[in-house]
Every structure is written in structure tokens, then in C-alpha cells.
Amino acid sequence: MARIMATMISPAGLAQADFQLAMPMKDRRIVVAMSGGVDSSVVAALAARSGAEVIGVTLQLYDHGAKAKRVGACCAGQDINDARAVADRLGFAHHVYDHESRFRDTVIDQFADEYLNGRTPIPCVRCNMGVKFTDLFALAKELGADCLATGHYVRRMMGPNGAELHRAVDPARDQSYFLFATTQDQLDFLRFPLGGMEKRVVREIARELGLGVAAKPDSQDICFVPDGDYATLVRKLRPEADDQGDIVHVDGTVLGAHKGLIHYTVGQRRGIEIGGQAEPLYVVRLDAPAKQVIVGPRRALAVASARLGDANWLGAVDGREVLAKVRSMARPVAARVDGERLIFNDAEYGVAPGQAAVLYDAEDESRVLGGGWIDETFAADAG
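Residues numbered from 1 in each chain as written. Predicted model: local features only at pLDDT ≥ 70, side-chain atom pairs only at ≥ 80, totals over all residues. Heavy atoms only, no water.

### Describing the overall build of the protein
Tallying secondary structure elements over the protein gives seven helices and 17 strands in all. Taken over the C-alpha trace, the protein has a radius of gyration of 22 Å; the compact-globule value for 383 residues is 21 Å, and the two agree within 12%. Its C-alpha atoms give the protein principal-axis dimensions of roughly 70 × 50 × 35 Å. In the protein, 65% of the contacts between residues at least 6 apart in sequence involve partners at least 24 apart. Of the side chains in the protein, 44 bear a positive and 51 a negative charge, and the two mean positions are spaced by 4 Å. (Helix = DSSP H or I, 4+ residues; strand = E, 2+ residues; numbered from the N terminus. Rg over C-alpha atoms; globule rule 2.2 N^0.38 Å. Contact = heavy atoms within 4.5 Å. Lys, Arg positive; Asp, Glu negative; His and termini not counted. Charge placed at Lys NZ, Arg CZ, Asp CG, Glu CD.)

Written as C-alpha cells, this is what we have:
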């Protein structure tokens, strides 16, 4: 059984990570997905120190225009140059592949369509399950790699039935929610050397090695949205998403007009701009065909269960007690799975179609069992 990487790695000069490959490492080939940031650069450095042959691969995902030099971007412009500079410094080959059209079709257009349909998208998951893991997986195989290593903060651990996906040691950096769609075949081939490290250690390693990206800011979640103004992007791609409509109370009363579905999401309180109510109003759901924003008091947000679609399971879940996380920043809550239905032990709030429900093992809270996309929610009885 492959050894698990140590939870802390000293940056004192001999920092190495266990890539969970058969020895000797000099006979191994590691392809590293390089975004141009400090995380993937340190992974490349650790791979090079392991003695294996290293090949860096960067996907160009969008144009070199306004986003090319924007702080917080990735996979475009200056970031590609940064990745190439790291490869040159460490002495291994680096390849850039143009996947802009595929990224646009499978991530950006889908992001806009989700808002148009009244759903709340997670483009980072779509990117990971599409161009990053699926396409990079194929490229790494074509290059004869023994594994594909990335800078994600999760852990790949060996269990009794093979490779398992676990949360990162550093809870502030954990990215397991965004990787729930990783398939078992992908997990068998992927490596995540940073999952056992704190971010400060990663930056110390980069500084020790003299990498120019050591102090580079982290990329933002939605890398392709200039200045975080996603509404402008959606409006440009799908102008009809900005159409006005009615704001309707859950009791059927029309309260006013909204400025376009793209400006609202389930659980939102601010920005509704309806006064004179006995209780604060929240967005309860979005009715895209009717172009309506449905609002109500907080108790109307209570959800008893949700129907999951396009599920990906890394362990048995049906009929099993699990911990479910329905937003990236939400705390996991007790639930159980019955077919396509995720049933919460207690009513959950802010469960939005388009988001993901990621399930963790109730007996081992670090282990990711998989998850699915929230297609529909079922209200709890508010009395």
C-alpha cells in the first residue's frame, strides 16, 4: 500500500512529498497541472525533487485581454508566463494547450445558462470535472505519465478498497467541496501533494526555492469574471437574463418588480428593496419561466430534502447516515440518502438549485463520499 504523505513538510531545504508511486522515482514520470500560481508551482518543485521526470502542463482557458494581467486570474496571460518561468528555473519541460473554446462552451456558457434558468452555478466544479481533470487526465496519459499532480488542497488516502478522497489538513484551505465530481478512475491517477500542508508552509517552500510566484496572490474563485462582476458577463452572453419581472410573496401577493433574475439567489436578503413588511424578506426561489422572484420570511427557506442529479459516488451512500454540505462555506449537517433524495435530519436553510450537495462519511468526517447537483428542493413544514 502506498504511503500517505506526511501532514507537515519542512521548508528547510529537503522538503519532499510522497507522490504515492512505486519506487524508484527516477523511473517515474509526473505531469503537473500548472496554473501559474504558487500552489501548483510548489507541487512542480516537489515533483522535481522526488527524482521523477516532470512535465508541466498549462491550459490556456480564456483570452489574453483584460484578464491577462488582472490580479486573481489564472490560466491566461501572465499566469502562463509565470508557469513557464517556474519550469525553466526548475529545469523541466512545459507545454501550453489552448482549450479556450472548450472552456467557453463547458464552463462560461453553462455559467450564464444556469443564471438564465434561475439556478446558482458553481463554475469551479464544472471546470474541475471538465477541462481540468477530464482533459488534463487525457493529456497526461498521452504523455505517458504515472500520475497527474495538482495544487488542490485535498488528500488522496489509501483505504481498504483503494484510493479515497479526504479533506485537507488545513480547514481554511480545504477544497474538497469543489472536487466531489472526481471519479474513482481519476482519483486513482491523481495526486494532491499539498493536502497535508498549511498554506504558509507552501509559500515558505516557494521562497526557499526562489520562485517568483512565492508572494503571488491566490486566484479568485470565478477566474473568468472581471472584477467579480458576473452580472455584466451574464448580461453580455444572455441579455434576456436581465429582463424585469415580479417579486411575489410566497402567499401569492405581488410586492413589486425586480431588475433581472441574475441579481438574485436563494437565501438572499439584501437588495430585494421591498419595505413595509412585518418580517424581513428573503429570496425563497426563482421561477425562471415566469421571470418571478419568490420571497418570504426566513422560515419559508426551510428545506426538508433535496433531489440530486448527476451524482458521483466514491463510496456507498444509499440508506446511510452522512454529513451533507450544501454550500462551499456551509457547515456539514446530518442527513441520509434515499435514492436520488437527500433527506436532512433537521431543516436546512439556503439550499439553492444549481449548487452541489457534497457528502462526507459520518464516521470519518474527513472522507468525501461524493455528491450531486441540487436539482430540486422540498420545503419543510413551517407550521
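### Side note on the pairing of strand 13 (residues 321-325)
In terms of burial, strand 13 is largely enclosed, as four of its five residues are buried. Strand direction decides the pairing type here: strand 13 and strand 14 (residues 333-338), joined by four bridges, are antiparallel. Its bridge partner being in strand 14, Leu323 is matched across the sheet by Ala334. Sheet topology note: the strand 13/strand 16 (residues 356-361) ladder contains four bridges and is antiparallel. Bridge pairing in strand 16 places Val322 opposite Asp361. (Buried < 20%, exposed > 50% of the residue type's maximum accessible area, 1.4 Å probe, protein only. Pairing = 2+ DSSP bridges.)

### Quick look at the sheet that holds strand 9 (residues 254-258)
An order of 9-8-11-10 is seen for the four strands of this open sheet, with the pairing classed as mixed. A single partner strand is all that each edge strand has here, and the edge strands are strand 9 and strand 10 (282-287). The average undirected angle you get between the axes of adjacent strands in this sheet is 30°. The sheet contact formed by strand 8 (residues 245-249) and strand 9 spans four bridges and is antiparallel. If you follow Ile247 over to strand 9, its bridge partner there is Gly256. (Axes fitted to C-alpha atoms, helices over the stretch in contact; angles between N-to-C directions.)

### Side note on the nonpolar core
Within the largest apolar cluster, 53 residues are counted, with the highest numbers of intra-cluster contacts made by Val31, Phe103, Leu148, Leu165, Phe192 and Phe224. Counting residues per element, this core draws most heavily on helix 4 (residues 123-142), at nine residues. In terms of nonpolar packing, the next biggest core, distinct from the first, is built from 34 residues, Phe19, Val43, Ala87 and Ala214 among them. (Core = buried A, V, L, I, M, F, W, Y, C linked by side-chain atoms within 4.5 Å.)

### So, the pairing of strand 10
Sheet topology places strand 10 next to strand 11 (residues 292-296); five bridges connect them, and they run antiparallel. Bridged to Tyr282 within strand 11 is Gly296. In this structure, the hairpin formed by strand 10 and strand 11 is closed by a connection of four residues, where Lys291 is found at a positive phi of approximately 55°.

### Details of the environment of Glu348
Here Glu348 shows up in strand 15 (residues 341-348). Take Glu348: its relative accessible area is 10%, and that puts it in the buried class. The spacing of Glu348 and Val326 is 22 residues in sequence and 8.9 Å in space, taken between C-alpha atoms. Beyond its immediate sequence surroundings of up to four residues, Glu348 is in contact with Leu301, Ala302, Val303, Val326, Arg327 and Val333.

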